[in-house]
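So the chains spell out like this:
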Amino acid sequence: MGINRRDFLKQGAFLLAAASQAGWISKAVTAQDEPMIEAYPGAGIETWKCSVCRLCPGGCGIKVRLVDGRPVKIEGNPLSPVNRGGLCPAGHAGLQVLFNSDRISTPLKRVGERGENRWEAISWEEALQLFYDYLLKLRNEKTPHHLLVLDGESRGLQKRLLERFLEAYGTPNYFNLSSQEPSSLPFLLMHGRKNTPGYDFQNTRFILSFGNDFLDSEGPPSRMAYLFGELRQNPGRNRVKIVQIDPRLSTTAVKADRWIPLNPGTYGALALGVAHIMVVEGLYNKTFVENHTFGFEDWVDNKGNSHIGFKTLLLKEYYPEKVSGITGVPIDDIIRVARSFAENQPGIAIWGRGVTNHSNALFSQMAIHALNALVGSINSPGGILEAPPEPPTGLPPLVQDKLAQWGSAQSPVFQYRGAKLPATMESLAYLLDNIQSGEPYPIEVALLIHTNPLFELPEKERFQKALEKIPFVVSFSSEMDESSIWADLILPDHTYLEKWDLDYEVPQLPFTQVTISQPIIQPRFNTRHIGDVILSCARLLGGSVQKSLPETDYRGLVQKEAEALFRSHRGFITSGQFEDFFQSFLSRRGFKYQEFATFEEFWEALLKEGSWLEIPQPVSDLFPRLSTPSGKFEFFSQTFYHQYKALPHHVQNVLKSDSPLSMALSKGDQAFLPHFEEPNVNGDSIEYPYFLYPFSILTLFDGKMANRPLLMEMVGFRRNVQWDSWAEINPETARELNIRHGDWIWIESPRGRVKVRAHLYPGAMPGMVYLPLGLGHTASGKYASQKGVNPNDILVFDYDPLGGSIARNSTRVKIYKASVA
Amino acid sequence: MPRWGMVIDLDKCTGCGACVAACKQENNVAYNTPEEAERGRTLSWINIMTEVEGEYPHLRVRYLPLPCMHCDNPPCIKVCPVRATYKADNGIVAQIYPRCIGCRYCMAACPYTVKDFNWFEPQWDPEIKKTTNPDVSLRPKGVVEKCTFCHHRLIKAREQAALEGREMLEEEYQPACVETCPANAMFFGDLDDPNSIVARLSRSPRAFRLMEDLGTEPKVYYLSEGEKII
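Counting starts from 1 at the beginning of each chain's written sequence and moves along it residue by residue. Chain letters and ligand numbers both follow the written order, the letters beginning at A and the numbers at 1. For this predicted model, a pLDDT threshold of at least 70 governs which residues receive local features, and a threshold of 80 or more governs which side-chain atom pairs are given and counted, while totals over whole chains, interfaces and linings are taken from all residues. The basis for every side-chain value is the complete set of heavy atoms in the structure, and neither hydrogens nor water enter the calculation.

Enquirer: What's the story with the packing of helix α10 (residues 267-280) of chain A against helix α12 (residues 310-317) of chain A in this structure? I'm lost.
Expert: When two helices pack together, their arrangement is captured by the angle between the axes and the distance separating the axes. Residue and element names in this part refer to chain A. Note on geometry: axes are C-alpha line fits, over the in-contact stretch for helices, and angles between N-to-C directions span 0 to 180 degrees. Starting at the N terminus, helices and strands are each numbered in turn, a helix being any DSSP run of H or I of at least four residues and a strand any DSSP run of E of at least two. Between α10 and α12, the least distance of the axes is 9 Å, while the angle of their chain directions is 105°. As summarised for this structure, α10 and α12 are arranged roughly perpendicular, according to the angle between their axes. Touching L272, A275, H276, V279 and V280 of α10 are F310, K311, L314 and L315, all from α12. Partitioned by chemical class, the residues of the contact of α10 with α12 number seven nonpolar, one polar and one charged. Roughly parallel means an angle under 35 degrees; roughly antiparallel, over 145; roughly perpendicular, 65 to 115; everything else is oblique. We call two residues in contact when some of their heavy atoms are within 4.5 Å. We call Asp, Glu, Lys and Arg charged. Ala, Val, Leu, Ile, Met, Phe, Trp, Tyr, Cys and Pro are nonpolar, and the rest, Gly among them, are polar.

Enquirer: Where do I start with the interface of chain A and chain B in this structure?
Expert: Buried accessible area, meaning the area lost when the parts come together, often serves as the stated size of an interface. With 65 residues of chain A at the contact, the number on the chain B side is 59 residues. For the chain A and chain B pair, buried surface summed over both sides reaches about 5,200 Å², with 57% attributable to carbon and sulfur atoms. Note on definitions: salt bridges are taken to be side-chain nitrogens of Lys or Arg within 4 Å of carboxyl oxygens of Asp or Glu. Joining chain A to chain B, the criterion identifies nine salt bridges. Salt-bridge contacts for A:R65 lead to B:D135; the nearest nitrogen and oxygen are separated by 2.7 Å. When contributions to the side of chain A that touches chain B are tallied by element, the ones reaching two or more residues are β2 (61-67), β3 (70-76), α3 (89-92), α4 (95-98), α8 (221-233), α9 (251-255) and α29 (709-712) of chain A. Top contributing element to the side of chain A that touches chain B by residue count: α8(A), with seven residues. Split into classes, the residues belonging to the side of chain A that touches chain B amount to 33 nonpolar, 14 polar and 18 charged. Buried area is a sum: the accessible area each of two parts loses on coming together, probed at 1.4 Å, counted once for each and added.

Enquirer: I keep staring at the packing of α10(A) against helix α13 (residues 320-327) of chain A and nothing clicks. Help me out?
Expert: Residue and element names in this part refer to chain A. For the pair α10 and α13, interaxial distance at closest approach is 9 Å and the crossing angle is 160°. With respect to each other, α10 and α13 are oriented roughly antiparallel. Crossing of α10 over α13 shows left-handed handedness. Touching A269, L270, G273, H276 and I277 of α10 are P320, V323, I326 and T327, all from α13. Two helices crossing with the near one rotated counterclockwise from the far one by less than a right angle form a left-handed crossing, whereas a clockwise rotation gives a right-handed crossing.

Enquirer: For this particular structure, what's the right way to read helix α25 (residues 599-609) of chain A?
Expert: Quick reminder: α-helices carry 3.6 residues per turn. Residues three or four places apart thus point the same way. Buried residues of α25(A): A:F599, A:F602, A:W603, A:A605, A:L606 and A:L607, and no others. Contact partners of the buried residues in α25(A): β1 (46-52), β21 (512-517), α23 (554-568), β22 (572-573) and β23 (611-614) of chain A. Burial classes: relative accessible area under 20% of the type maximum marks a residue as buried, over 50% as exposed, and values in between as partly exposed (1.4 Å probe, protein chains only).

Enquirer: Got a minute to help me understand the nonpolar core in this structure?
Expert: Within this scheme, the nonpolar core is defined by two criteria: the residues are buried Ala, Val, Leu, Ile, Met, Phe, Trp, Tyr or Cys, and they are joined through side-chain atoms within 4.5 Å. Of all hydrophobic cores here, the largest spans 123 residues; its most connected members are A:L208, A:F210, A:L371 and A:L374. Take this core: its biggest share by element is ten residues, from α10(A). Here A:F210 is in contact with A:I245, A:Y267, A:L270, A:A271, A:I350, A:W351, A:G352, A:V355, A:I368 and A:L371, once residues within four sequence places are set aside. One finds A:I62, A:L775, B:V61 and B:Y112 within the second-largest nonpolar core, a separate group that totals 112 residues.

Enquirer: When you look at the pairing of strand β8 (residues 186-190) of chain B in this model, what are you seeing that I'm missing?
Expert: Where a strand is regular, its side chains alternate between the two sheet faces. All names here are of chain B. Where burial is concerned, most of β8 is hidden: five out of the five residues are buried. Two strands form a pair only when DSSP identifies at least two bridges running between them. Relative to β8, strand β1 (residues 4-9) runs antiparallel, the two sharing five bridges. Following the sheet pairing, W4 is matched in β8 by D190.

Enquirer: Where do I start with α23(A) in this structure?
Expert: Residues and elements named next belong to chain A. Helices are assigned an expected span. That span is 1.5 Å times one less than the residue count. Taking 1.5 Å as the rise per residue, α23 with 15 residues should run 21 Å; its terminal C-alpha atoms sit 21 Å apart, in good agreement. For α23, the complete set of buried residues consists of Y554, G556, L557, V558, E561, A562, A564, L565 and F566. Those residues of α23 hidden inside the fold are in contact with α6 (156-169), β20 (501-503), β21, α21 (530-541), α25 and β23. H569 lies just past α23 and shows a positive phi near 55°.

Enquirer: I tried to follow the pattern of salt bridges on my own but got confused; where do I start?
Expert: Opposite charge on two side chains lets them pair, provided their charged atoms get close. Under the defined criterion, the tally for this structure stands at 68 salt bridges over all chains. Salt-bridge contacts for A:K322 lead to A:E317; the nearest nitrogen and oxygen are separated by 2.9 Å. With a relative accessible area of 22%, A:E317 lands in the partly exposed category. Put simply, A:E687 and A:K814 hold a salt bridge, and the shortest N to O gap is 3.6 Å. Of the two residues, A:E687 sits in the loop between α28 (662-665) and β25 (690-695) while A:K814 sits in strand β30 (residues 811-817), which places them 127 residues apart along the sequence. On the accessibility criterion, A:E687 (42% relative accessible area) is partly exposed. Three or more residues joined by partner-sharing salt bridges are found here, namely A:K73, A:E75, B:E26, B:R153 and B:E179.

See below:
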């Protein structure tokens, strides 16, 4: 600058005097070399476009503000039935996904060794040809099932397209790696349904949450915050009571009416203890249990063998003294929870990652879900509802040739040693083992779709070794993350703000909604929609694959699906909260006023308003027949039992004696009932006296958002931490270790150690250390890499042998002060 | 002339930080390097304050979003030697960047510590700079900045109303934090209009203001069951 401040002040008096005569004060101020504040060149014309946020599975409707065609701000779409105008902090950083100097701008082919990160830019024609050659090769060799897809993001139409493609191509290997996806296995075993049901939070009076931090990073964040604000505090409504069960004082525990800390991994025991009290005190819904459940009382099967019932098991095994001993929860608290849960009906018992992060996850989930059945909150308002119907599809019927039929019928590579237990035993652990050993068949082509397992998984070496076994790895990532570095070919996808899509698979919603994703601006780089890549491959492959997917471009497919919505005469385009209620009120009575004469009008409205909504018919008094073997809710899972019994004896013996399942199966009938199992612990309790619990945070989720400066700067905003990890330790524990707030410490597990700063937090359980997930990248862009530590680096890879979820909360560590940083 | 004010319901607030992110994006608040953040130089016009009380497991934690209070009797304007910060007729405490000499007296005088100083020329990533909001000027080095109640939104709403030849409606002007709050815990409006939602809520028995005894007369009210926080 030409003038420094001192000179400027000196000249001030003169300038003012001169200005008053000549009228050039503004000129004097702007006469500096660089103007202090840049003028905006454009006309400033403002437009808004609706789309959907794809940064987590929450599915919030968004609207983007554009000034002169340039996106400047993302807001929640007030018309969206999911979030009603709110938007979580991560959603605001969406523009930094779109505008980011670390984006991959063109297809890349590996030139160096794998993992060396040396690439050659190639054209789309060449890249597609390369990809297609491999796909064709597998088909020609009659091994289409050697194709594996690891998906971390796809939902709605994109997922429908991928599933369709893989079915027509002939592979069963579509594995969802999204770490946000709650396991739906308990629903399959007890309910007989494959997908997560709807949770009717809107009408509930009590939420008994087992380790589900739904106000922070679990569940659709903006939706849960909206419901919390709406249901909890608005006058004139019954205030929802929330009881949070969690060893750590999480955000939800802070906002709950009551927080009950318990020993790590003992959620299942507590749930059973609560159930015990309800049974003993007669607080359960007897009519429901009698009429609509199976396996509560002792029973005799058609071969004359007698089996124990859930009630007997509860009364015998889960009396309060024992449960209190296991969980560390005082008996009074167990009784109080049982009574208030029974009194405040309708209520829902939910579970979250606190539960699924242990090796006993499935049985804990079943125990918690059993509470829902005890109070009759199954298919009743304010409880757990039928999963809402899927929106109609415009795709032609699936055509499979013989090869595809055969390929799809192969047992998926992510099942335990190829065991045919469709209900159970699917896990990433089995996937890695099977790829390693090449049994039952090798994987030759792997597609990584917006997933970063080399960052998100513990013991990444295992995944890396598995990748090395796969001859051809394709990544669709739009940024060079840790896993894409190991790929052979990168076909960069658009970011979600440049994409056409329809989104409808938001977990836990009690209604069907479709939100349109439309390009806010034209794709900025030479990227291509993954849907278009798949469609062009289908076209090249021809035959039955092309017949199953005849569309030529993805936008056309989106329009066709939207047309199917229009033709179905179901639902309506949302136009606001009260209008939506009124619409569904009318439609239940057979009226509909928001009719569009033509599809074009419907399409215009969909683009403008963003969402389509269908509220299901209210729950009828008649309890539906469930698709379990008994047609009822099953405490004793016959699905699991029959599958197990159908196995040949030698396989049963192997499972019993030498498999991750042997512990559960040695308990006889208990294995098919909700029961408590000790969670696995890794590490010697004397050498490693503390537990490491990683937790996810709203700003980063699983780490995909770490390359956004907006979020990295507020990564620990509740703890006043920026750009770094922090280790939460109880002040008591810290005192034992002679650690003060802000000290650098080492956290060491049998797998390695990380250096991080201690953060004394009284809400941390004594004897534990908590690390946030999502930081500690080694790649993924300049704002993400080398910031903080990744707890996955020192976690032991453990998992639930049945449910398959990764047991992140099972590693023991020791903690010691680092000498000078 | 309206008197703009805000009400934050702490019983609804989940401390999610959406207000913080929305504010930064809306107002082109520059981000700093990790090294500067370490020295406490992060710019943020609204912060979530966390207060922890007690010992495990008998704990009480509170989250409190803290924007500028836009005091009716603001201590910051009294100490400014160049009148760079002043109170407008509509009650908004504003800041004139080209006039600010960077003495930071106002920062010292503010009992709520909601003002930030630009220690450096903001280092914008060339890509991310493309998403800056043209309605809000980028601040140069050496000036103090703070929450403006998204004053530019007021100007826009007023101009739009004038263009259409009508009175501006109160709900047309909402700051970014209020607009985005997922829990609908924040409210904004005219405190002098007895029927406005903020005026009604500010009379609630749950309502309180921060450090009322200082006589600053803040225009940000908080609602909370139980006792006052500070």
